[in-house]
Amino acid sequence: MRIKWTTKLHCASLFKRYFTTSSDMAEEGGKSFARRDRLLEIEAKARNWWEEKQVFRAESCEKPPGPGEKFFGNFPFPYMNGFLHLGHAFSLSKLEFAAAYHRLRGANVLLPFAFHCTGMPIKASADKLTREIQQFGEPPVFPEKLEKGNEEVEVEAEDVNAGAPPAKHKGKKSKAASKAGGEVYQWEIMRSFGLSDSDISKFQDPYKWLTYFPPLAVEDLKAFGLGCDWRRSFITTDMNPFFDAFVRWQVRKLKSMGKIVKDLRYTIYSPMDGQPCADHDRSSGEGVQPQEYTVIKMELMAPFPSKLGVLEGRKVFLAAATLRPETMYGQTNAWVLPDGKYGAFEINETDVFILTQRAARNLAYQKYSRVPEKPTCLVELTGYDLIGLPLKSPLALNEIIYALPMLTVLTDKGTGIVTSVPTDSPDDYMALHDLKSKPAFRAKYGVKDEWVLPFENIPIIDIPGFGSNAAEKVCADLKIKSQNEKEKLAEAKRLTYLKGFNEGTLILGEFKGRKVQEVKPLIRSKLIEAGEAISYSEPEKRVLSRSGDECVVALTDQWYITYGETEWKKLAEECLSGMNLYSDETRHGFEHTLSWLNQWACSRSFGLGTRIPWDEEFLVESLSDSTIYMAYYTIAHFLHNGDMYGSSKSAIKPEQMTDEVWDFVFCDGPCPKSSEISSSILSKMKQEFEYWYPFDLRVSGKDLIQNHLTFCIYNHTAIMSKKHWPRGFRCNGHIMLNAQKMSKSTGNFRTIRQAIEEFSADATRFSLADAGDGVDDANFAFDTANAAILRLTKEISWTEEVLGADSSLRPGPPTTYADRVFANEINIAVNRTEQNYSGYMFREALKTGFYDLQAARDEYRFSCGDGGMNRDLLWRFMDVQTRLITPICPHYGEYVWRELLKKDGFVVNAGWPLADAPDLTLQSANKYLQDSIILMRKLLQKQVLGSKKGNKKGTPVTALTEDHNLTGLIYVNEHFDGWKAECLKILQINFNRDSRTFSSDKMIQEALQKSSIGQSKDFRQIQKLCMPFMKFKKDEAIAIGAQALDLKLPFGEIEVLQENLDLIKRQLGLQEVEILSATNPDALSKAGSLVKLLEQNPPAPGSPTAIFLT
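Quantities reported herein were computed from a predicted structural model and do not represent experimental measurements. (Residues numbered from 1 in each chain as written. Predicted model: local features only at pLDDT ≥ 70, side-chain atom pairs only at ≥ 80, totals over all residues. Heavy atoms only, no water.)

**Things to note about the overall build of the chain**
Defined as follows: In this text, helices come from DSSP runs of H or I with a minimum length of four residues, and strands from runs of E with a minimum of two, each type numbered from the N-terminal end. The cut-offs for exposure are 20% and 50% of the maximum accessible area for each residue type, with area from a 1.4 Å probe on protein chains only; residues under the lower value are buried, those over the upper are exposed, and the others partly exposed. By the convention used here, residues are in contact when the closest approach between their heavy atoms is within 4.5 Å. Using a 1.4 Å probe, accessible areas were evaluated by the Shrake-Rupley method; residue-level cover was limited to the displayed protein chains. The sign given to each residue is positive for Lys and Arg and negative for Asp and Glu; His and the chain ends receive no count. Where a charge lies is defined by one atom per residue type, namely NZ (Lys), CZ (Arg), CG (Asp) and CD (Glu).
Looking only at helices and strands, the chain features 41 helices and 34 strands. Taking the principal axes of its C-alpha atoms as reference, the chain extends roughly 115 × 90 × 70 Å. Residues classed as buried in the chain amount to 55% of the 1110 residues present. Within the chain, contacts between residues separated by at least 24 positions form 77% of all contacts whose residues are at least 6 apart in sequence. When the accessible surface of the chain is split by element, carbon and sulfur atoms take 50% of a total near 46,900 Å². Averaging the locations of the 139 positively and 145 negatively charged side chains of the chain gives two centres separated by 3 Å.

Structure (structure tokens):
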């Protein structure tokens, strides 16, 4: 087929054929997958080309790289208990696009990938399969499954990180199982992965998971087009002897530096697993830390009530948890929840605590139970049993206080027993007020008057602005009438608590006259030393381990990494200060984490991983073996020889990787003379590390700031020299699918494999780039992926037809105005897209390098008219667009490059396109031209039809003009004059070009009054016109700079319009067009009687006025 570019009709039909609207896409999509299948075929072909020439293999050079000559980027290795999904792909795409951009520019790029298997999730799942077989048979027949049939309901199948089956979107279980406590059976989850019952049984061995899922992940990532050096891939755990040796060296080194110690401290702990439960060991509650309380021992006075008679002879305490021990001087009573469930728990041979079972369970793991780790309840109680108990409480000025009912006491926080200090706490004040003022309320709960009425508020703290009775004042200020007004009470606490701690002064007791924040720890220590209180911790929020166990806080004696240690923290802060984090929010996240992060439990007794070398009863936990493994990538290909398990025959043996060898390679240690590894291999290994390190970029979800990424900083500063500290982290939010949370339970979920099969790899990548670049959650839209299929395949077809019609294109160098504009738009696209890629703003890169460039091409076709498009420009366009889209759609780019454009080599490393500096004046002139045509179209429709609504579309308005032989007179005024010129001169004088700020409005107003405008007798009328004009110009100057205040545009308006007469005629359907100066009286006379339109709508710089004559 030959394309005749010189016919307007054919050009229009060609444009319609290849550049369609979204509605066209919907009509064309239907049930046909031919376009997607073509992309899949192209992708397979491109991957074969890359594989054949090993395009992504990365090799170091002897010469150290200069700035920009190498790029080493990496990604937190994913956990291998399932398939990789779009959540992984979204974060990974940021690294892949960045690496592809640097490769395209000519940098030597290393992008490796590995697989994390350390920790308890895999072992917990394997053990769960074993228990299900023991309980339900093999294959298991789950409860009521036979009776209920196979009717199914959707459930959440493990956490989202586990992935999903290749051909299904949902994890499911029987309705019977769903009703039976909501348990999700592991066997059913494995079936949802597409595994047969005979295969599932093999997964009772946790190491089966390690041989099954990582190779599938490699297949999926290759299909995704990941530009990875797969020789360097590996798995973790002792199944890989090389990585096992690496981790052993790392922890030995930290211990030798005093950064791993054995200590007794509080940690989140799973009783079922019998070990600490770190973030990655949890199914919920990631990031939750221990919350420390002071438990006040409020002693029960004899005689005991009958229900507590069995406790006679023991010391019985209501154990009240508080965060404010300094307020105990003001106690008037204790609070209990009437319907709450409590118990009397044996703490030791003499002491009994009354509190909730949940709190007793936590205390049992903190060495406060007669039987360690097993709370013993001597008497079961309710809150009603505790109301009226007489108590003697530490520091209380009242000798005896009583337990009273409070309806808002929480039993899932603290101990369920609460001290009452009504001068300090708005909640306490209102609850006591209700009891005092409502006899019926007292009667309902059997509260005697003498337990309540004699007790008055005791001022204890003076708070600036609130005085010494802060709770009473703030409740009065907020007009709080009852303890049930929860929102108002929350606001009252917000107003008083922090101010009281920071600015309050104690006004009684031993520390009278001292600041609250100063004496709080002193009072707490004094109470604990006197045996009147104990330290107690519990999780800040509910935490579930991956075994399904609700975690506690335990006081454990185990191995810790000393994060937070003063000198080490300073090094971490120094490292962070020199890093590129690409977002203020990300930097604030790291700074916050460094402010609180403290000792981290690094040992586990359950799961998979590397044994702690000096204490092999324990394993290194999963967040502690993954802090500096980026260095391992640099030499992994020497160790693994392409086998991720480290089990093939390599020139190096695992036992040869001694601490001396690791020190030599990574830490500038001396060359190990006794090593069995040849000196040449050792030198090559060291060269690899020195060449690639430090890594330039690590991309991750923002949720890893609070642990893994901060640990990475700490460990690098401890083990590596300063020159090898990390250079950059880029963090992103989570990904949503079609603006909904990604979830297996709703079916709104895709694995990487599913997405590729549904959309193709490049359309998936296109939609990931379009999803967003910030730290907020992004959105993967299926519509965008489908539109990408259409755009890419239509662009291929357009390219094929253009190349087939090459001889019909206009030969010679670009000469026309349209040529110059299009060439300039290509230069702008090259420059702006480079800025966007280098700043890792991939959505913007997609806009400037694809959408905007295509829009410029479409406008160019419109503008060329009968002269046709220039051959050289179209070839440059195809070359540039192919390169610019390649980091995002590499398979498409490679196909166009090699198969259609017949270029040599590979587009993925073809070099960034050369471009002249953008001519922003020409761009402004073209925008002026296009805006003027739209404005003239509106005026034409208004004049011919009398309509106030203009036709904004870009097609010629032939329907308006075909019956009229119209001539257009376009009047231009290239200079501001009169009062507008005076206003602009005043603004110029009062504008700071560097800061883009203006003097005060008052100064500008004074200058206006002193000007010739201000001296005129009709100043008041003119002023009404001046003010909005000056405001508009001020806003414009702040946005684009001082040129907005010039008296004329930076180009000749008449010249631009004159050069494009043919375009204006075609766009407006006019027979003739004249460009005239509005300042020329002879030109004005041509308007005849329509000159009144010029008076009504006078032209101004940037805004011509058109008159149409028949």
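**Considering the sheet that holds strand β1 (residues 70-74)**
The test is simple: Between any two strands, at least two bridges found by DSSP are needed for them to pair. Axes, fitted as lines to C-alpha atoms, cover a helix only where it is in contact. Angles between the N-to-C directions of the axes lie from 0 to 180 degrees.
Judged by pairing direction, the sheet is parallel, and its four strands sit side by side in the order β2-β1-β25-β26 without closing on themselves. For this open sheet the edge positions go to β2 (108-110) and β26 (729-732), each flanked by a neighbour on one side alone. Averaged over all pairs of adjacent strands, the angle between their axes in this sheet comes to 20°, without regard to strand direction. In this structure, β1 lies alongside β2, joined through three bridges in parallel fashion. By the bridge assignment, Phe 71 is partnered in β2 with Val 109.

**Digging into the nonpolar core**
Soluble, globular proteins show a tendency: their nonpolar side chains are buried together. Condition: Buried residues of nine kinds, namely Ala, Val, Leu, Ile, Met, Phe, Trp, Tyr and Cys, make up a nonpolar core once their side-chain atoms join them within 4.5 Å.
Judged by nonpolar contacts, the single largest core of 123 residues is most densely connected at Phe 113, Phe 115, Trp 209 and Phe 780. When residues of this core are assigned to their parent elements, the largest contribution, 10 residues, is made by helix α4 (residues 86-104). Here Phe 780 is in contact with Leu 86, Ile 735, Met 736, Leu 737, Asn 738, Phe 759, Thr 764, Ser 767, Leu 768, Ala 771 and Ala 785, once residues within four sequence places are set aside. If you look at the next biggest cluster of nonpolar residues, it comprises 72 residues, including Leu 110, Phe 234, Trp 692 and Cys 712.

**Describing the pattern of salt bridges**
Operational definition: Here, a salt bridge means any side-chain nitrogen of Lys or Arg that lies within 4 Å of a carboxyl oxygen of Asp or Glu.
This model, assessed by the stated rule, comprises 67 salt bridges. As a salt-bridge pair, Lys 297 and Asp 351 come within 3.6 Å of each other at their nearest N and O atoms. Placement of Lys 297 in strand β8 (residues 290-300) and of Asp 351 in strand β12 (residues 351-355) is noted, with a sequence separation of 54 residues between them. The residue Lys 570 makes a salt bridge to Glu 567 at a minimum N-O spacing of 3.5 Å. Of this pair, Lys 570 and Glu 567 are both found in helix α19 (residues 566-577), three residues apart, which corresponds to roughly one turn of the helix. For Lys 570, a relative accessible area of 46% corresponds to the partly exposed category.

**Some points on helix α17 (residues 486-503)**
Filter applied, for reference: A helix is expected to span 1.5 Å for every residue after the first.
Along its 18 residues, α17 runs 25 Å from first to last C-alpha, staying within 8% of the 26 Å computed at 1.5 Å per residue. Burial in α17 covers these residues: Leu 489, Ala 492, Thr 496 and Gly 500. Lining the buried residues of α17 we find α14 (426-437), α16 (470-477) and α18 (516-529).

**Some thoughts on the packing of helix α34 (residues 978-989) against helix α35 (residues 1001-1010)**
Applied cut-off: If an angle is under 35 degrees, it is roughly parallel; if it is over 145, roughly antiparallel; if it lies from 65 to 115, roughly perpendicular; otherwise it is oblique. Each helix crossing is assigned a hand: it is left-handed if the near helix lies turned anticlockwise from the far helix by less than a right angle, otherwise right-handed if that turn is clockwise. Under the scheme applied here, ten amino acids are nonpolar (Ala, Val, Leu, Ile, Met, Phe, Trp, Tyr, Cys and Pro), four are charged (Asp, Glu, Lys and Arg), and all others, including Gly, are polar.
It is the contact of α34 with α35, at a shortest axis distance of 10 Å, that shows an interaxial angle of 140°. One way to sum up the angle between α34 and α35 is to call them oblique. Between α34 and α35 the crossing geometry is right-handed. Between α34, through Cys 983, Ile 986 and Leu 987, and α35, the contact on the second element is made entirely by Ile 1004, Ala 1007 and Leu 1008. A breakdown of the residues in the contact of α34 with α35 according to their chemical character gives six nonpolar, no polar and no charged.

**As for the side chain of Arg 282**
For the record, the criterion: Definition of a polar contact: a pair of N or O atoms within 3.5 Å, with one able to donate and the other able to accept a hydrogen when the atoms are protein atoms, and with sequence-neighbouring residues admitted only if both atoms are side-chain atoms.
Mapping Arg 282 onto the fold places it in strand β7 (residues 282-284). Within the structure, Arg 282 has its side chain in polar contact with the backbone oxygen of Cys 277 (distance 2.9 Å). Among the polar contacts made by the side chain of Arg 282, one reaches the main-chain carbonyl oxygen of Gly 285 at a distance of 2.8 Å. The contacts of Arg 282, once residues within four sequence positions are left out, are Ile 268, Cys 277, Gly 287, Val 288, Val 543, Leu 544, Ser 545 and Arg 546.

**Some details on the sheet that holds strand β5 (residues 260-270)**
Spatially, four strands are ordered β6-β5-β21-β22 in an open sheet, and the strand pairing comes out antiparallel. Edge strands, defined here as strands with exactly one partner in the open sheet, are β6 (275-276) and β22 (600-601). Bridge analysis of strand β21 (residues 552-561) against β22 gives two bridges, and the strand direction is antiparallel. Its bridge partner lying in β22, Ile 561 is registered against Trp 600.

**Topic: the state of the cysteines**
Test applied: When two cysteine sulfur atoms are found within 2.5 Å, that pair is recorded as a disulfide.
All told, the structure shown has zero disulfides when counted by the stated rule. With no disulfide of its own, Cys 575 lies closest to Cys 712 among cysteine sulfurs, the gap being 8.0 Å. Here Cys 889 stays unpaired: no disulfide links it, and the sulfur of Cys 228, its closest cysteine neighbor, is 20 Å away.

**Some thoughts on the packing of aromatic side chains**
To keep it simple, the criterion reads: Pairing of aromatic rings covers Phe, Tyr and Trp, the last through its six-membered ring, and needs centres within 6.5 Å; plane angles under 30 degrees mean stacked, over 60 mean edge-to-face, and all others mean tilted.
Within the structure shown, the criterion is met by 73 aromatic pairs. Relative to Tyr 629, the ring of Phe 234 has its centre 6.4 Å away and its plane inclined at 80°; by these criteria the two rings are edge-to-face. Taken together, the residues span a long stretch of sequence, with Phe 234 in the loop between α10 (206-224) and α11 (241-256) and Tyr 629 in helix α21 (residues 629-640) at a distance of 395 residues. By relative accessible area, Tyr 629 is classed as buried at 0%. Their ring planes at 85° and their centres at 6.0 Å tell us that Phe 246 and Phe 666 sit as a pair that is edge-to-face. In this pair, Phe 246 is assigned in helix α11 and Phe 666 in helix α22 (residues 659-666), connecting sequence segments 420 residues apart.

**Comments concerning the side chain of Glu 96**
Assignment of secondary structure puts Glu 96 in helix α4. Beyond its immediate sequence surroundings of up to four residues, Glu 96 is in contact with Leu 111, Gly 225, Leu 226, Gly 227 and Arg 765.

**Focus: α18**
Put simply, the rule is: The arc in question is the one traced by the directions running from the helix axis out to the C-beta atoms.
Helix length check: α18, at 14 residues, gives a terminal C-alpha distance of 20 Å against a target of 20 Å (1.5 Å per residue), a fit within 8%. Within α18, the full set of buried residues consists of Val 516, Val 519, Ile 523, Arg 524 and Leu 527. Across the axial projection of α18, the buried residues extend over an arc of 145°, all falling on one side. Phi for Gly 531, located one or two positions after α18, is positive at around 75°.

**Points about the confidence of the model for the chain**
Parts of the model with low pLDDT should not have their predicted coordinates read in detail. Where we set the bar: pLDDT expresses how confident the predictor is about each individual residue, on a scale running from 0 to 100.
With 92% of its residues at a pLDDT of 70 or more, the chain shows a mean pLDDT of 89. For residues 1-30, every residue scores under 50 in pLDDT, and the model assigns this stretch 49 contacts once sequence neighbours within four places are set aside. Across residues 950-960 the pLDDT falls below 50, and counting only partners more than four positions away or on other chains, this stretch makes 21 contacts in the model.

**Some remarks on the pairing of strand β11 (residues 341-346)**
Counted residue by residue, β11 has five buried out of six residues, so it is predominantly covered. Relative to strand β13 (residues 377-382), β11 runs antiparallel, the two sharing five bridges. Bridge pairing in β13 places Lys 341 opposite Thr 382. Taking the residues between adjacent antiparallel strands as the criterion, β11 and β12 are bridged by four residues.

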